[in-house]
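Descriptive analysis of the structure
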Amino acid sequence: MLHIKVYIDLIVGWRLTASVPYSTPFRLDFNSGIPINAEWIQNGTIITGEQGRDRTNNQVYWPEGLFIDDDQTIVIADSLNHRIVQWNVGDTNGKVVAGGHGEGNRLYQLKYPTDVLIDIETNSLIICDEGNRRVVQWSRLSGTIQGEILLNNICCRGLAMDDQRYLYISDIEKHEVRRYQIGDKNGTVVAGGHGKGTGLNQLNEPTYVFVDREQAVYVSEWNNHRVMKWDKDAKEGIIVAGGQGKGNSLAQLSCPNGLFVDTFGTVYVVDSWNHRVMRWPKGAKQGTVIMGGKGQLHLPIGLSFDRHGNFYVAEKWNHRVQRFSMKGEFIARWAQNGVTVAGGHGHGSATYQLCGPWGLFINDDQTMVIADSLNHRIVQWNIGDTNGKVVAGGHGEGNRLYQLKYPTDVLIDVETNSLIICDRQNRRVIQWCRCSGINQGEILFDKIDCFGVTMDDQRYLYISDIEKHEVRRYRIGNKNGTVVAGGHGKGTGLNQLNEPTYVFVDREQAVYVSDRKNHRVMKWDKGSKEGVIVAGGQDTGERLTQLSYPYGLFVDTSDSVYVADYGNDRVMCWPKGAKQGTVIVDGNSRGVGTNQLCGPWGLFFDRHNNLYVSDNWNHRVQRFSKELTSLL
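Residues numbered from 1 in each chain as written. Predicted model: local features only at pLDDT ≥ 70, side-chain atom pairs only at ≥ 80, totals over all residues. Heavy atoms only, no water.

1. Brief notes about the pattern of salt bridges
By the definition in use, this model includes 31 salt bridges. Taking the shortest distance from any N to any O, the salt bridge between Glu-39 and Lys-327 comes out at 3.4 Å. Here Glu-39, found in the loop between β1 (3-6) and β2 (45-48), pairs with Lys-327, found in the loop between β25 (320-324) and β26 (330-333); they are 288 residues apart in sequence, far enough to count as distant. Judged by its relative accessible area of 36%, Lys-327 falls in the partly exposed class. Among the ionic pairs, Arg-427 bridges to Asp-449, the shortest N-O distance being 3.0 Å. Residue Arg-427 is found in the loop between β33 (418-423) and β34 (428-433), and its partner Asp-449 is found in the loop between β35 (442-446) and β36 (450-455); the two are separated by 22 residues along the sequence. Residue class for Arg-427 comes out partly exposed when judged on its relative accessible area of 34%. Note on Asp-449: relative accessible area 10%, which makes it buried. Linked through salt bridges whose partners overlap, the residues forming this network are Asp-413, Glu-415 and Arg-459. (Salt bridge = Lys/Arg side-chain N within 4 Å of Asp/Glu carboxyl O. Helix = DSSP H or I, 4+ residues; strand = E, 2+ residues; numbered from the N terminus. Buried < 20%, exposed > 50% of the residue type's maximum accessible area, 1.4 Å probe, protein only.)

Written out as structure tokens, the structure is:
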């Protein structure tokens, strides 16, 4: 089993944005699970409140819920100061961003707020204003002086948001959690709702809430001293932590609050009256203490993780927030024997076959679309299916709107529920609705020798042109676009490309390009006039410093580059600044075995960080499962 060393780069819970249609930067993160042997430095760093309780900007008074965004912005429900304060990591003073005008029920006031989150899509805060029995939305734009009531007559304590922007809010008086579409005042009960009690269909003062990607709801119960999990549409929950009565043994909790769950189902919970934070692996009968119990914490309430794996605890009685840093580095491994998830039955045009697959894309719901190039079609495969479904083209080679000709790349645009297709030999980019009954596409751009396509979170398209040796950024509807890489003719200079193929765009709109005939991957920062070499660039070859006709491309948030090294029948990883890469898949010479590739072309990671490779000359797509990460 081959492996690479990487620094962990994590994201807390949900990214609180709507589903996006582009290739979200990959992380070895909570979405891949926190290693069960992960440890944190026991001496915390005080982020806020070092001088004790007060109303000044460097102090808090009974902090409760908190939230940390991807950019390391911390927002804290500063309860007895009746405000929300914002801290950027490293600041010595916070900033009041909601409330702060004394206790009250006016729109510019809050009263004992208990929880808060950042809604990135609307650039606003969502606040549990418990003392006023309401949920408030408060714009983060400069000059905003009051909030807007989303829900009232609700004794809210905790809240969360899923990737479809549904809100989940606990009500400690009705002993239930409801899911709300913003604008809907009624909501749907998703946990509890059968009165106060200890039954599996009941809750007793639910406090904080976590929602996973399958919309399972996890709830901390203050008076039942347990954490419950309610699967989507379930009529009752299951106990995943505590539930053995109030106590301080490792099988017990005492008034739990803040909550986080990784994709292994491991529960991280603030055990408030035991003054500790605990970890409960899935199915475990008891937990382990990861922090506290030795005078380190004093009535902890809120819990949040940043994208580096550090966790933050709001201590109510110490009037402060502490950060506890994760120890060590991580090992990332992928199984060396792949599993065929599409095709693999020889080349052909049957629905269970592929013929020369090129680019591929996998959506959050595990829907995979593949540019089945020599069949002149796009096929869709749901994981586990034995047959695919033709969703674009498939009417033979041609240039009619219902036909494709050697498509090379495809993505799913979630916002418009459509496919964006590089229709290579027709020199056009096509948008094809995924709606039932649609049998032709619409031309977005023509007279373009397109090869690769991707989309950023502002819905700009980035398209490589292998004849003009450039990548352009397009607003959909704008036919001209802007050159963002290359554009100075074919060549080896840092301002040139030579047949760019696949493209990746990160959150800062830096563009990564597989530069096929220069045998390198280039990075072009936004607005830059030339790029830098981030992989290869030592001419064609099979050494670890070289690439040979690179194609499929992916970049994680630590800027490690993953690339399909076509001519060497392998997939490589190049950490940021590295002079050579590491082979993560194959390297076993060309072949048809489960541990071999034959002309790897497209490359993609699913939300579990499993690796998918379109194995061109084997006419299949292979999945290489990510093994558990472990600390060095």
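2. A word on the sheet that holds strand β13 (residues 176-181)
Read from one edge of the open sheet, 4 strands run β11-β12-β13-β14, paired in antiparallel fashion. A strand with exactly one partner marks an edge of an open sheet, and here the two such strands are β11 (156-161) and β14 (188-192). Here the average twist between neighbouring strands, direction ignored, is 25°. Here strand β12 (residues 166-171) pairs with β13 via 6 bridges, running antiparallel. Following the sheet pairing, Tyr-168 is matched in β13 by Arg-179. (Pairing = 2+ DSSP bridges. Axes fitted to C-alpha atoms, helices over the stretch in contact; angles between N-to-C directions.)

3. Some words on the nonpolar core
In a soluble, globular protein the nonpolar side chains are often hidden away together inside. Counting residues in each nonpolar core, the largest one holds 64 residues, and the members touching the most others are Met-368, Leu-461 and Leu-611. Residue contacts for Met-368: discarding those within four places in its chain leaves Val-341, Ala-342, Leu-360, Phe-361, Ile-362, Val-379, Gln-380, Trp-381, Ile-383, Tyr-612 and Val-621. Ranked by size, the runner-up nonpolar core spans 29 residues in total, among them Phe-210, Ala-241, Met-278 and Met-326. (Core = buried A, V, L, I, M, F, W, Y, C linked by side-chain atoms within 4.5 Å. Contact = heavy atoms within 4.5 Å.)

4. Quick notes on the domain arrangement of the protein chain
Domains assigned within the protein chain are domain 1 (45-324) and domain 2 (333-627). One C-alpha centre belongs to domain 1, the other to domain 2, and the line joining them spans 40 Å. (Domains from an automatic or database assignment.)

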